[in-house]
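Per-entry structural report
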Amino acid sequence: MRILVVEDDRRLADLLRRGLVGEGYAVDVGHDGRRGLELALENPYDAVVLDVMLPYVNGYRLCARLREAGQWVPVLMLTAKDGEYDQAEGLDTGADDYVTKPFSFIALAARLRALIRRGRPERPTVLHVGDLEVDPASRRCRRGTVPVVLTAREFAVLEYLAQRADETISKTEILQHVWDEHFDGDVNLVEVYVSALRRKIDAPFGRQTIRTVRGAGYRLDPAYRGRP
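What you are looking at is a predicted structure, and each value in this text was computed from that prediction instead of being measured. (Residues numbered from 1 in each chain as written. Predicted model: local features only at pLDDT ≥ 70, side-chain atom pairs only at ≥ 80, totals over all residues. Heavy atoms only, no water.)

Some remarks on the sheet that holds strand β5 (residues 97–100)
One open sheet accounts for five strands, arranged β2-β1-β3-β4-β5; its pairing is parallel. Either end of the sheet is taken by a strand with one partner, and the two such strands are β2 (26–30) and β5. Adjacent strand axes in the sheet meet at a mean angle of 20 degrees, parallel and antiparallel pairs treated alike. Bridge analysis of strand β1 (residues 2–6) against β2 gives five bridges, and the strand direction is parallel. Bridging across to β2, Val5 finds its partner in Val29. Lying over the sheet, helix α2 (residues 33–42) contacts β1 and β2, oriented at roughly 165 degrees with respect to β1. Relative to the sheet, helix α3 (residues 59–68) contacts β1, β3 (47–51) and β4 (75–79), its axis offset from that of β4 by approximately 165 degrees. (Pairing = 2+ DSSP bridges. Helix = DSSP H or I, 4+ residues; strand = E, 2+ residues; numbered from the N terminus. Axes fitted to C-alpha atoms, helices over the stretch in contact; angles between N-to-C directions. Contact = heavy atoms within 4.5 Å.)

What to know about the environment of Ser104
The residue Ser104 is located in the loop between β5 and α5 (105–118) in this model. When its relative accessible area of 39% is taken as the criterion, Ser104 is described as partly exposed. Of the polar contacts made by the side chain of Ser104, one reaches the backbone nitrogen of Ile106; its length is 3.2 Å. (Buried < 20%, exposed > 50% of the residue type's maximum accessible area, 1.4 Å probe, protein only. Polar contact = N/O pair within 3.5 Å; in protein donor to acceptor, adjacent residues only side chain to side chain.)

Digging into the UniProt feature "modified residue: 4-aspartylphosphate" (unreviewed entry) in the protein
Per the UniProt annotation, the sites labelled "modified residue: 4-aspartylphosphate" (unreviewed entry) are Asp51. Position of Asp51 relative to the elements: it lies in strand β3. For Asp51, a relative accessible area of 4% puts it in the buried group. Apart from residues lying up to four places away in sequence, Asp51 is in contact with Val6, Glu7, Asp8, Gly59, Leu78 and Lys101. (UniProt positions renumbered as here; feature names shortened; annotations may be inferred.)

Overview of the side chain of Asp221
Secondary-structure assignment places Asp221 in the segment after β11 (217–220). It is Arg211 that comes nearest to the buried, bridge-free Asp221 among opposite-charge side chains, at 4.2 Å. Once residues within four sequence positions are removed from consideration, Asp221 is found in contact with Asp166, Thr209 and Arg211. (Lys, Arg positive; Asp, Glu negative; His and termini not counted. Salt bridge = Lys/Arg side-chain N within 4 Å of Asp/Glu carboxyl O.)

What about helix α7 (residues 171–178)?
Structurally, the α-helix is built with 3.6 residues per turn, so residues lying three or four positions apart point the same way. All of the buried residues in α7 are Ile174, Leu175 and Val178. All buried residues of α7 fall inside an arc of 100 degrees around its axis, so they share one side. The secondary structure elements touched by the buried residues of α7 are α6 (152–163), α8 (189–202) and β11. (Arc of directions from axis to C-beta.)

Shown next as structure tokens:
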């Protein structure tokens, strides 16, 4: 088993390397994001232990670039931040798990073994609705060959609609999937994001593919040409 450790704290990187070698792994080390990315793209690793705060290319961006390149090696992210938004950002960019510093090496090694047992995840299927392309892996959207820039929340709403294209989805379902089931804000918040999506994926292209089904919700329909 071959592991890549990307950590700019050389003392910690060396401790991780020695500990993992002691567990029976072959270990390569990169001390900045640029070198870590080079190593990850050049070699067939069984897992990557990746720090967030790195010179040149941070851990979030490094992980995102791996996924964009079709590299689905399991990634265990190390972060000194323990806020839920920081954890979510790591997972959203394609990390498989995270450990908050300071951490127990025993716990880290156990998580790493679990990731390796689980194996490489499948790349999420690119969703096509007519000429609209939604790529969950890279979190990118295109209308034909034209890129469409979306916020993270806009993308999440569109991805959910695309996953269930030609189905009518209620505002409540969208809220529970894109926010969470405990969200207690106004359900009409969904309208704000649907309006933003229409301005970005439909209006510039002369389309009206997000259909309002009155009293029921929304439907993503590539053939729809009625009034939104």
